[in-house]
Protein chains: 2
Amino acid sequence: MIKRKGKQVRPMFVFLTAKMLGEITPKTYDAATLVELLHTATLVHDDVVDDANERRGHFSVNALWKNKIAVLVGDYMLSKILLLSLEKNNPDLLEVVARSVKEMSEGELLQIEKAKLLDITEEIYFDVIRKKTASLIATCCESAALSVDRKDIRQTMKQFGEYVGIAFQIKDDIFDYGTPDKIGKPTGLDIRERKLTLPIIYTLNNSTPEVRKELINILKNKNDQSKSIQRAVELVNKWGGIKYSYEIMLEYAKKALNLIDNLPENEAKNSLKLLVNYTMNREN
Amino acid sequence: MIKRKGKQVRPMFVFLTAKMLGEITPKTYDAATLVELLHTATLVHDDVVDDANERRGHFSVNALWKNKIAVLVGDYMLSKILLLSLEKNNPDLLEVVARSVKEMSEGELLQIEKAKLLDITEEIYFDVIRKKTASLIATCCESAALSVDRKDIRQTMKQFGEYVGIAFQIKDDIFDYGTPDKIGKPTGLDIRERKLTLPIIYTLNNSTPEVRKELINILKNKNDQSKSIQRAVELVNKWGGIKYSYEIMLEYAKKALNLIDNLPENEAKNSLKLLVNYTMNREN
């Protein structure tokens, strides 16, 4: 678990938000620790969920030790997180954290339910990613505000985190189709798993009946045929699904930045803006 | 979930313990609700863990919808439980509940780890079942005492629940070998899954080297051979593993009942004793 620690983007959102709004307190550290542990616990359970064999270059807990252990380790981590927050005697923090566990699992379940129907609207897509990804980043920014006694701006920062999280997930979903300049290397994993994300949802709803039919046939085809995955990526690109997704992503990033526009300028605010821009431009 | 509700033994322990010690309060209802929800959530995750196809006559969530959904539904339930207890503003309850989630996952992980070695001692076995089963029943009785403002007897009731839980799990483990009078119908599931429980641990350590070798060969054999499972059951029975387990089970039940012996007699205390005896004599 420790070896495969990622970019730790979530704790960065906690620290920068807190620093932008006031002076970092021990509660800020508690919040940063909790969100990162929570993120790690959900990744462990995600190993079961997605049956992924490899994550970030290290073999997943699942591949090494099977499903049962991944479930138990995730549960163990969740209970430890809970006990830690009880120790800290910080019920506000505990509540925002619990709420994001609930929303994340709801989001994933909604996605699985809707994917079966192959008939997902943009509205449902945004509902899914708001819950499964954006809620935790919203928690980062909300708990950071609470940690520096800024209840007055708690809701704004939660909204800020939600917009950033939505942009973040759209970026992830675009990656699956390759970037515009590296369109040749898509992973196509979402298509294989029949996960309908913004690029393909847009294309299904904004192309010809023939293209729609071809895409649906590819999605329904359970065989792992690289050629048809490649074909789907081409169609989505040709009919503007990727370009559209980029535009929406940037729109959400802008909505987020607008929310903090009126806050006093300082170094942390600048870094927070850079972090938002980084998440939009990252290459992995 | 609702359709397959079981015997609801755990809430019964909560209500009877509370009633024995005082007057039932709204906190007693909260505790009873939480432990039953928690038990259900762990059963859902258990569906992944044990890959069981059927539980109590209904198809498991896992068999119907696959692993990923079982994990997510379990997580969702755990977070709802957490949010419920936060709403109730009852940090004591939250802490005992969180501690039992932690202990249950630790117990299961310990069991998996040790099972690989095929070299489990009675000491480890008791450590496993104390954590994976007895901790939740201990939580029932402890939180019941807290719910009627009887902090003075909190530790005693926790210990009572732990002894009952240990006896309860030994009973479950004996079932796997069939009962003495119905020895012909063992499920042998634990042997198949290489789970070492008290009857076979005793036999491994208290028979001849030849019997030990034969049992280990059966355990190592991954093929699902009904005949060798039947042979293992016969050996365990012949060498006294089942009789011994019964004795230990009764010992723990007695230790539990001794703990409440000095408490004032009342109807609830009587029912609690009957409940303990029922768990020892139940046929399923």
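Residues numbered from 1 in each chain as written. Chains lettered and ligands numbered in written order. Predicted model: local features only at pLDDT ≥ 70, side-chain atom pairs only at ≥ 80, totals over all residues.

(A) Highlighting the overall build of chain A. When helices and strands are tallied, chain A shows twelve helices and two strands. Ordered by position in the sequence, the α and β elements of chain A form the string α-α-β-β-α-α-α-α-α-α-α-α-α-α. Out of the 284 residues in chain A, the part that is buried amounts to 46%. Of all intrachain contacts in chain A linking residues separated by at least 6 positions in sequence, the fraction that spans at least 24 positions is 72%. (Helix = DSSP H or I, 4+ residues; strand = E, 2+ residues; numbered from the N terminus. Buried ≥ 20, exposed ≤ 12 C-beta atoms within 10 Å, placed from the backbone. Contact = placed C-beta atoms within 7 Å.)

(B) How the structure looks around the domain arrangement of chain A. Residue and element names in this part refer to chain A. Each assigned domain of chain A is listed here: domain 1 (8–162) and domain 2 (176–257). Facing the seven residues of domain 1 at the interface are nine residues of domain 2. Broken down by secondary-structure element, the contributors of at least two residues to the side of domain 1 that touches domain 2 are helix H4 (91–117) and helix H5 (122–147). Looking at side-chain class alone, the side of domain 1 that touches domain 2 contains five nonpolar, one polar and one charged residues. (Domains from an automatic or database assignment. Nonpolar A, V, L, I, M, F, W, Y, C, P; charged D, E, K, R; others polar.)

(C) Inspection of the relation of the copies chain A and chain B at higher detail. Of the transformation superimposing chain A on chain B, the axial component is 0.0 Å and the angular component is 180 degrees, with the fit at an RMSD of 0.0 Å. Here the symmetry operator amounts to a two-fold rotation axis. Residue Val71(A), judged by its C-alpha, is the member of chain A lying nearest the rotation axis, at 3.5 Å. In this assembly, 100% of the residues forming the interface of chain A have copies in chain B that are likewise at the interface, indicating an isologous arrangement. (Least-squares fit on C-alpha atoms with pLDDT ≥ 70 in both.)

(D) Main features of the interface of chain A and chain B. The interface is formed by 28 residues belonging to chain A together with 28 residues belonging to chain B. Going through the elements one at a time, helix H2 (26–50), helix H3 (61–87) and H4 of chain A are the ones with two or more residues in the side of chain A that touches chain B. Examining the composition of the side of chain A that touches chain B, we find that 13 residues originate from one element, H3(A), more than from any other. Residue composition of the side of chain A that touches chain B, by class: 16 nonpolar, four polar and eight charged.

(E) Fine view of the packing of H4(A) against helix H4 (residues 67–87) of chain B. H4(B) packs onto H4(A) with a crossing angle of 150 degrees between their chain directions and a minimal axis gap of 9 Å. When the interaxial angle is binned, H4(A) and H4(B) end up roughly antiparallel. Helix-helix and strand crossings are classified by hand; for H4(A) and H4(B) the assignment is left-handed. Touching Pro91(A), Leu94(A), Glu95(A), Ala98(A), Arg99(A), Val101(A), Lys102(A), Ser105(A), Glu106(A), Glu108(A), Leu109(A) and Ile112(A) of H4(A) are Lys68(B), Ile69(B), Leu72(B), Asp75(B), Tyr76(B), Ser79(B), Lys80(B), Leu82(B), Leu83(B) and Leu86(B), all from H4(B). Class assignment of the residues belonging to the contact of H4(A) with H4(B) gives a composition of twelve nonpolar, two polar and eight charged. (Axes fitted to C-alpha atoms, helices over the stretch in contact; angles between N-to-C directions. Parallel < 35°, antiparallel > 145°, perpendicular 65-115°, else oblique. Left-handed = near helix turned anticlockwise from the far one by under 90°.)

(F) View of the nonpolar core. In this structure, Ala167(A) and Ala167(B) are the most contacted members of the largest nonpolar core, which totals 159 residues. Inspection of this core shows a minimum of three residues originating in each of domain 1 (8–162) and domain 2 (176–257) of chain A. Every residue in contact with Ala167(A), bar those within four places of it in the chain, is listed here: Met249(A), Tyr252(A), Ala253(A), Ala256(A), Thr279(A) and Met280(A). (Core = buried A, V, L, I, M, F, W, Y, C linked by C-beta atoms within 7 Å.)

(G) View of helix H1 (residues 9–21) of chain A. An ideal rise of 1.5 Å per residue puts 18 Å on 13 residues; H1(A) measures up with 18 Å between its terminal C-alpha atoms. Where burial is concerned, most of H1(A) is hidden: ten out of the 13 residues are buried. (Expected span 1.5 Å × (residues − 1).)

(H) Summary view of the environment of Val164(A). Inspection of the secondary structure assignment puts Val164(A) in helix H6 (residues 154–175). Residues in contact with Val164(A), not counting those within four places in the same chain, are Ile137(A), Ala256(A), Val276(A) and Thr279(A).

(I) Region of the structure containing the packing of H5(A) against H6(A). Residue and element names in this part refer to chain A. As a packed pair, H5 and H6 sit with axes 6 Å apart at the nearest point and diverge in direction by 140 degrees. Taken together, H5 and H6 sit at an angle that is classed as oblique. As H5 packs across H6, the resulting crossing turns out to be right-handed. Here the contact of H5 with H6 is built from residues that sort into 15 nonpolar, four polar and five charged.

(J) A look at the environment of Ala32(B). All names here are of chain B. Residue placement: alanine 32 occurs in helix H2 (residues 26–50). Residue classification places alanine 32 among the buried residues on the basis of 23 C-beta atoms within 10 Å. In sequence terms alanine 32 and leucine 72 are 40 residues apart; their C-alpha atoms lie 23 Å from each other.

(K) Seen up close, the environment of Leu16(A). Residue and element names in this part refer to chain A. Mapped onto the fold, leucine 16 is located in helix H1. Judged by local crowding, leucine 16 falls into the buried class, with 24 C-beta atoms found within 10 Å. Remark: the alpha-carbon pair of leucine 16 and alanine 268, spanning 252 residues in sequence, is separated by 5.4 Å. Once residues lying within four places of it in the same chain are set aside, the contact partners of leucine 16 are Ala268, Ser271, Leu272 and Leu275.

(L) Looking closely at the confidence of the model for chain A. On average, chain A scores 85 in pLDDT, and the residues at 70 or more come to 87%. For this predicted complex, the interface confidence score (ipTM) comes to 0.75, while the overall pTM stands at 0.79. (pLDDT = per-residue confidence, 0-100.)

(M) Up close: unusual backbone geometry. All names here are of chain A. Notably, aspartate 149 is not glycine yet its phi reads approximately 55 degrees, a positive angle. Tracing the backbone through its elements, the reader meets aspartate 149 in the loop between H5 and H6. Overall, the presence of 12 C-beta atoms within 10 Å leaves aspartate 149 in the exposed class.

(N) Up close: helix H12 (residues 267–281) of chain A. Residues and elements named next belong to chain A. Its 15 residues place the ends of H12 21 Å apart at the C-alpha level, agreeing with the 21 Å of an ideal helix rising 1.5 Å per residue. Within the span of H12, buried status applies to Leu272, Val276 and Thr279. Taken around the axis of H12, the buried residues stretch over an arc of 65 degrees, which confines them to a single face. In H12, the exposed residues that point more than 90 degrees away from the buried face are Glu267, Asn270, Leu274, Asn277 and Asn281. Check the buried side of H12 and you find it contacts H1, H6 and helix H11 (241–259). (Arc of directions from axis to C-beta.)

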